[in-house]
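A look at the structure
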Amino acid sequence: MAGVFGVDGSLPSSRMLAEELGVSRTTVTVAFEQLLAEGFITVRQGAKPRVAAAVIGRDLRAGTPSQAGAVRLSAYGERIRGIPAWRDDAASPLVADFRYGVLAPSDFPAGIWKRAMNAAMARRPDRLSYDDPRGLKRLRMALQGYLWRARTLRCELDQIIVVSGSQQGLDLCARLFLDPADRFVIEDPCYVMARRTFAGTGACPVPIAVDRDGLQTELLAGVAARLAYVTPSHQFPLGGVLPVARRRQLLDWARQNDAYVIEDDYDSEYRYDINPIPPLHGLGDSDNVVYLGTISKTLSPTLRIGYLVVPPGLQQVFATAKQLIDRHSPLAEQEALASLIESGAYESHVRRARRLNGERRQALLNVLHLAFGDRISVEGANAGLHVLVRFTDLPQSLEAALIDEARRVGVGVHSAAPLYDPAMTEARRDRISLVMGYSALDARQIERGVQLLAQAVARVLS
Ligand SMILES: Cc1ncc(COP(=O)(O)O)c(C=O)c1O
């Protein structure tokens, strides 16, 4: 019908159109008024409405891109457009998915959180207005106490910035410390989100190899860079703890190069053998260390709450950058978290989560040992929520086949290969390595999942 009207510029009268369409005249009149208001038609007293001259002959769909790839992006857009899109894997249910970074919903302290949120929502503010970009003062005070008790990290209240997960902390560091063509030191293998975030600025990664003790800081000699990103308490993904000598070497390097160290302390609550490792922050004068914490491993990644401890002198610029991005993080969740930390409920939840994940970890280690014996080596099992499993007899060339076959029989496994610098030689990872997260699974799923993985391995090798 739309193609018929307006060929010669005129539309039927409202009465005729109402009859033709079987609707009331009011409906047509209202539609005409809308078209008139938007400039698609013109109306003169006593005459039929006409299609506006500017519209005739125009393809109204011309506003949508007609050719794939005809988008125009900033240099930043071009740099990140090749990153694979997020996939919703929940769509294909598996017997067990050893995906890293997922928590079991049953671990979440739903009752306590709900009460805290209700209390936060019930508080009647005297106005609805924007708040401090650094985060709710009550939460920052609670975090200040928590960081001291749990991490022996001492800082001023003003140094703490509440962010939308560690991810926003990484993004703030990238924006504030890096320019295109700058260099940044990154662990190899590493947390890919960090590498991508820093590389998004146009800065160039300088991958530094990691061994069982974390970043090989002796390789920093002669390297000039603006920042170094490290996971010293539990290297992601290999699991090493950076020894004090290397910590000092790293801090010395940062001082000599006028560089910042970004300390990602993402899962230090989970140590199963010894007491938690104190952070790097505080070892030196901390003027060039940015500490990054999160509740994504303790409470839930869905809440999107993390925190930065920034060097004195940088509080203002971090607060301004945070304000320019999203004003501040949502207040009710901040208030709820503050009340959990103040009451001690957060720390008792962390103890419970540590016990539950310790049991899962043990179940996984037992069943991996039973299923594969010395055909695998397991790294990084003393801490965190994942282990790294290296197969001694499975060449890298079989990796895609193994992952596909495992998925076909109902188990999700994930390669460590993408965590290595893409430019590094294949030789360093000539055997299949898997990052196996266990924090979302129960003991039965872990057992069945590893049995199915063993079947998949046998099939791929046969
Ligand atoms: C090394 C590392 N840092 C940080 C995070 C947490 O990120 P966020 O706080 O943005 O959820 C993860 C999550 O998987 C991680 O592996």
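Residues numbered from 1 in each chain as written. Predicted model: local features only at pLDDT ≥ 70, side-chain atom pairs only at ≥ 80, totals over all residues.

Overview of the overall build of the protein
Scanning the protein from N- to C-terminus turns up 13 helices and 15 strands. Radius of gyration (C-alpha) of the protein: 28 Å, far over the 23 Å computed for a compact globule of 462 residues. The principal-axis extents of the C-alpha atoms in the protein amount to approximately 90 × 65 × 50 Å. Long-range pairs, those at least 24 residues apart, make up 70% of the contacts in the protein with a sequence separation of at least 6. (Helix = DSSP H or I, 4+ residues; strand = E, 2+ residues; numbered from the N terminus. Rg over C-alpha atoms; globule rule 2.2 N^0.38 Å. Contact = placed C-beta atoms within 7 Å.)

A closer look at the domain arrangement of the protein
Frequently, the measure chosen for interface size is the accessible area that the parts lose on association. Entries for the protein in the domain assignment read domain 1 (14-63), domain 2 (95-105 + 349-461) and domain 3 (109-121 + 129-346). Computed from C-alpha atoms alone, the centre-to-centre distance between domain 1 and domain 2 is 63 Å. (Domains from an automatic or database assignment.)

Section: the nonpolar core
In terms of nonpolar packing, the biggest core is built from 105 residues, with Leu227, Ala228, Tyr229, Val261 and Leu308 touching the most fellow members. In this view, Tyr229 contacts Phe184, Val185, Ile186, Glu187, Ala194, Phe198, Ile262 and Asp264; residues no more than four positions away in its chain are not counted. (Core = buried A, V, L, I, M, F, W, Y, C linked by C-beta atoms within 7 Å. Buried ≥ 20, exposed ≤ 12 C-beta atoms within 10 Å, placed from the backbone.)

Quick word on the sheet that holds strand β9 (residues 260-264)
Reading across from one edge, β4-β11-β10-β9-β8-β5-β6-β7 is the order of the eight strands in this open sheet, with mixed pairing throughout. The sheet terminates laterally at β4 (160-163) and β7 (214-215), the two strands that pair on one side only. Together, β5 (183-188), β6 (204-211), β8 (227-230) and β9 form the strand contacts of helix α7 (residues 192-199), whose direction differs from that of β5 by roughly 165°. Sheet strands touched by helix α8 (residues 244-257): β7, β8 and β9. Its angle to β9, the strand with the most contacts, is close to 140°. (Pairing = 2+ DSSP bridges. Axes fitted to C-alpha atoms, helices over the stretch in contact; angles between N-to-C directions.)

Description of the site of the ligand
Neighbouring the ligand are 13 residues; Gly165, Ser166, Gln167, Thr294 and Ser296 lie closest to it. Element by element, the count of residues in the shell around the ligand is highest for helix α6 (residues 165-177), at three residues. Here the shell around the ligand is composed, by residue class, of four nonpolar, eight polar and one charged. (Near = placed C-beta within 6 Å. Nonpolar A, V, L, I, M, F, W, Y, C, P; charged D, E, K, R; others polar.)

Looking at the pairing of β4
Side chains of β4 alternate between two faces, with Ile160 and Val162 and Ile161 and Val163 buried alike. Both β4 and strand β11 (residues 306-309) contribute to a ladder of four bridges, which runs antiparallel. By the bridge assignment, Ile160 is partnered in β11 with Val309.

Observations concerning the sheet that holds strand β15 (residues 431-437)
With antiparallel pairing, the three strands of this open sheet are ordered in space as β12-β13-β15. At either margin of the open sheet sits one strand with a lone partner, and together these are β12 (376-379) and β15. If you compare each strand with its neighbour and ignore which way they point, the axes differ by 25° on average. Pairing of β12 with strand β13 (residues 386-395) involves four bridges; the strand directions are antiparallel. Residue pairing for β13: Val378 is matched across the bridge by Val389. Relative to β12, helix α11 (residues 345-372) is tilted by about 165°, and along the sheet it contacts β12, β13 and β15.

Considerations on the packing of α11 against helix α13 (residues 443-461)
Where α11 contacts α13, the axes come no closer than 9 Å and their chain directions differ by 25°. Judged by the angle between their axes, α11 and α13 are roughly parallel. In the crossing of α11 with α13, the sense of the turn from one axis to the other is right-handed. Touching Arg360, Ala363, Leu364, Val367, Leu368, Ala371 and Phe372 of α11 are Ala443, Ile446, Glu447, Val450, Gln451 and Ala454, all from α13. Tallied by class, residues from the contact of α11 with α13 come to 10 nonpolar, one polar and two charged. (Parallel < 35°, antiparallel > 145°, perpendicular 65-115°, else oblique. Left-handed = near helix turned anticlockwise from the far one by under 90°.)

A closer look at unusual backbone geometry
Backbone torsion omega between Asp188 and Pro189 reads 5°, so that peptide bond is classified as cis. Along the chain, the position of Pro189 falls in the loop between β5 and α7. Cis peptide bonds are those with omega within 30 degrees of zero, and the linkage from Phe236 to Pro237 qualifies with 10°. With respect to the helices and strands, the residue Pro237 is situated in the loop between β8 and α8. The backbone of Ala181 shows a phi angle near 75°, a positive value even though the residue is not glycine. With respect to the element layout, Ala181 can be found in the loop between α6 and β5. Here Ala181 falls in the exposed class, since 9 other C-beta atoms lie within 10 Å of it. Unusually for a residue other than glycine, Arg304 sits at a positive phi of about 55°. With respect to the secondary-structure elements, Arg304 resides in the loop between β10 (289-294) and β11. On the neighbour-count criterion, Arg304 (18 C-beta atoms within 10 Å) is partly exposed.

Points about the environment of Met117
Position of Met117 among the secondary structure elements: in helix α4 (residues 110-122). Sequence separation of Met117 and Ala336 is 219 residues, and the distance between their C-alpha atoms is 5.2 Å. If sequence neighbours within four positions are ignored, Met117 has contacts with Ala332 and Ala336.

Side note on the environment of Trp86
Within the element layout of this structure, Trp86 appears in the loop between α3 (75-80) and β3 (96-97). Note on Trp86: 6 C-beta atoms within 10 Å, which makes it exposed. Remark: the alpha-carbon pair of Trp86 and Trp148, spanning 62 residues in sequence, is separated by 36 Å.

So, α8
In this model α8 runs 20 Å from its N-terminal to its C-terminal C-alpha over 14 residues, within 8% of the 20 Å that 1.5 Å per residue would give. All buried positions along α8 are accounted for by Arg246, Arg247, Leu250, Leu251, Trp253 and Ala254. Down the axis of α8, the sector holding all buried residues measures 155°, keeping them to one side. Facing away from the buried side of α8 by more than 90 degrees, the exposed set consists of Val244, Ala245 and Gln256. Against the buried residues of α8 lie β7, β8 and β9. Downstream of α8 by one or two residues, Asp258 has phi in the positive range, about 55°. (Expected span 1.5 Å × (residues − 1). Arc of directions from axis to C-beta.)

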